[in-house]
Amino acid sequence: RSVTLACTNAVAMMWLMPRMGAFWRRHPDIQVDHLISDNSRDYRRADVDLRIRYGSGSWPDETSRLLLQETIYPVCGLSFAESHAGARSEDVPSLPLLHVEWVDPDWTDWSEFLSRTGIPHGPLPGRRFSNFAVTLQATEEDQGVALGWHHLVAARIEAGRLVGFTDLSMPAPGGYYLTWNDNRELSDAAVTLRDWLVEVAAARQA
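Cut-off values and rules
Residues numbered from 1 in each chain as written. Predicted model: local features only at pLDDT ≥ 70, side-chain atom pairs only at ≥ 80, totals over all residues. Heavy atoms only, no water. Core = buried A, V, L, I, M, F, W, Y, C linked by side-chain atoms within 4.5 Å. Buried < 20%, exposed > 50% of the residue type's maximum accessible area, 1.4 Å probe, protein only. Helix = DSSP H or I, 4+ residues; strand = E, 2+ residues; numbered from the N terminus. Contact = heavy atoms within 4.5 Å. Axes fitted to C-alpha atoms, helices over the stretch in contact; angles between N-to-C directions. Parallel < 35°, antiparallel > 145°, perpendicular 65-115°, else oblique. Left-handed = near helix turned anticlockwise from the far one by under 90°. Nonpolar A, V, L, I, M, F, W, Y, C, P; charged D, E, K, R; others polar. Phe/Tyr/Trp six-rings, centres within 6.5 Å; stacked < 30°, edge-to-face > 60°. Lys NZ or Arg CZ within 6 Å of the ring centre and 35° of its normal. Pairing = 2+ DSSP bridges. Polar contact = N/O pair within 3.5 Å; in protein donor to acceptor, adjacent residues only side chain to side chain. Salt bridge = Lys/Arg side-chain N within 4 Å of Asp/Glu carboxyl O.

Asks: Sorry, what's going on with the nonpolar core here?
Replies: Where a protein is soluble and globular, its nonpolar side chains tend to be buried together. One finds Trp 15, Ile 52, Phe 132, Trp 149, Leu 152 and Leu 193 to be the most contacted residues of the largest nonpolar core, which totals 61 residues. Here this core gets 8 residues from one element, more than from any other, and that element is helix H1 (residues 9–26). For Leu 193, the contacting residues outside a window of four places in its chain are Val 3, Leu 5, Phe 23, Val 32 and Leu 50.

And the structure:
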């Protein structure tokens, strides 16, 4: 009665862990092990049963089911928002931007976001981070503007730690998918966790 679930640090910290307590209370007989990594190669390990992945939904030898569609928009800390209250969408490229780099190539960066939303830009200033959670911590400390992925930043916005900045927004090119190996039958425990994750995601999306 054990199952191993893999996902990124950001998904684990900001979406999965706040919800897993409900699963443990409902299914105390199932042991869930968490492989948390931003390196997708770790997801191919033989002991991984289920994966939560961001992307197009198509990976070799994996069945995928869409969990959540995503929206991306700029976010910043409260003091930063107050001191830049008059900023317009076209001003964003000249502001201190916080970049998430050295991660999954499917991750939308500032250059792609601005291009897709029709904002012209040259070289983009700012600091670079290899971890989304640390980027958000810097954002809360008013160090600049970061790209917020709605399902990952919503709790911080509801708590008043972050705010949306300008009216820029776009649907994410990909989504969050739950995937499993085509060539291996899922255990009963893995099926239970899979169905619960789909249920929880559907309730959040509604």
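Asks: Mind showing me how you'd approach the packing of H1 against helix H5 (residues 150–158) here?
Replies: Think of two packed helices as two axes; the pair is described by the angle between the axes and how far apart they sit. The geometry of H1 relative to H5 is characterised by a closest axis approach of 9 Å and an angle of 45° between their N-to-C directions. Between H1 and H5, the angle falls in the class oblique. Relative to H5, the crossing made by H1 is left-handed. Residues Ala 10, Val 11, Met 14 and Trp 15 of H1 lie in contact with H5, whose contacting residues are His 151, Leu 152 and Arg 156. Among the residues forming the contact of H1 with H5, the class breakdown is 5 nonpolar, 1 polar and 1 charged.

Asks: What am I meant to see in the packing of aromatic side chains here?
Replies: Any pair of aromatic rings gets described here by the distance separating the centres and the angle formed by the planes. Scanning all chains against the criterion turns up 8 aromatic pairs. A ring pair is formed by Trp 59 and Tyr 177, whose centres lie 5.9 Å apart and whose planes are at 75°; its orientation type is edge-to-face. Taken together, the residues Trp 59 in the loop between strand S3 (50–55) and strand S4 (62–76) and Tyr 177 in strand S9 (residues 170–181) connect sequence positions 118 residues apart. Owing to a relative accessible area of 15%, Trp 59 belongs among the buried residues under this scheme. Members of the aromatic cluster, connected to one another through ring pairs, are Tyr 54, Trp 107, Phe 132, Trp 149 and Tyr 176. Taking NZ or CZ as reference, Arg 194 lies 5.1 Å from the ring centre of Trp 180, over its face.

Asks: Where do I start with the pairing of strand S7 (residues 145–149) in this structure?
Replies: Consecutive side chains of a regular strand alternate in pointing toward one face of the sheet and then the other. In terms of residue burial, S7 counts as a mostly covered element, since 5 of its 5 residues are buried. Here S4 runs beside S7; their pairing, made up of 4 bridges, is antiparallel. Its bridge partner being in S7, Pro 74 is matched across the sheet by Leu 147. By the bridge criterion, 2 bridges tie strand S5 (residues 97–100) to S7 in an arrangement that is parallel. Note that in S7 the partner of Leu 98 across the bridge is Ala 146.

Asks: Where do I start with the packing of helix H4 (residues 132–140) against H5 in this structure?
Replies: The N-to-C vectors of H4 and H5 enclose an angle of 30°; their axes lie 12 Å apart at closest approach. Regarding H4 and H5, the two cross each other, and that crossing is right-handed. Contact residues: H4 offers Phe 132, Leu 136 and Glu 140, while H5 offers Leu 152, Val 153 and Arg 156. Across the contact of H4 with H5, the residue classes break down as 4 nonpolar, no polar and 2 charged.

Asks: It is not clear to me how H4 should be interpreted in this structure. Could you clarify?
Replies: Among the 9 residues of H4, 7 are classified as buried, and the element is accordingly described as predominantly covered. Along H4, the residues that are buried comprise Phe 132, Ala 133, Thr 135, Leu 136, Ala 138, Thr 139 and Glu 140. Lining the buried residues of H4 we find H1, S4, S5, strand S6 (126–129), S7 and H5. At the N-terminal boundary of H4, the capping side chain belongs to Asn 131, with an oxygen 2.9 Å from the backbone nitrogen of Ala 133. Directly after H4, the chain includes Asp 142, whose backbone phi takes a positive value near 65°.

Asks: Is there a simple way to explain the pattern of salt bridges in this structure?
Replies: Think of it this way: side chains of opposite charge can pair up when their charged atoms draw near. For the coordinates displayed, the defined rule picks out 14 salt bridges. Linking Asp 49 and Arg 184 is a salt bridge whose minimum nitrogen-to-oxygen distance equals 3.5 Å. One end of the pair, Asp 49, is in the loop between strand S2 (31–36) and S3; the other, Arg 184, is in the loop between S9 and helix H6 (188–205), and 135 residues separate them in sequence. Owing to a relative accessible area of 16%, Asp 49 belongs among the buried residues under this scheme. Through salt bridges with shared partners, a single ionic network connects Arg 44, Arg 51, Arg 53 and Glu 62.

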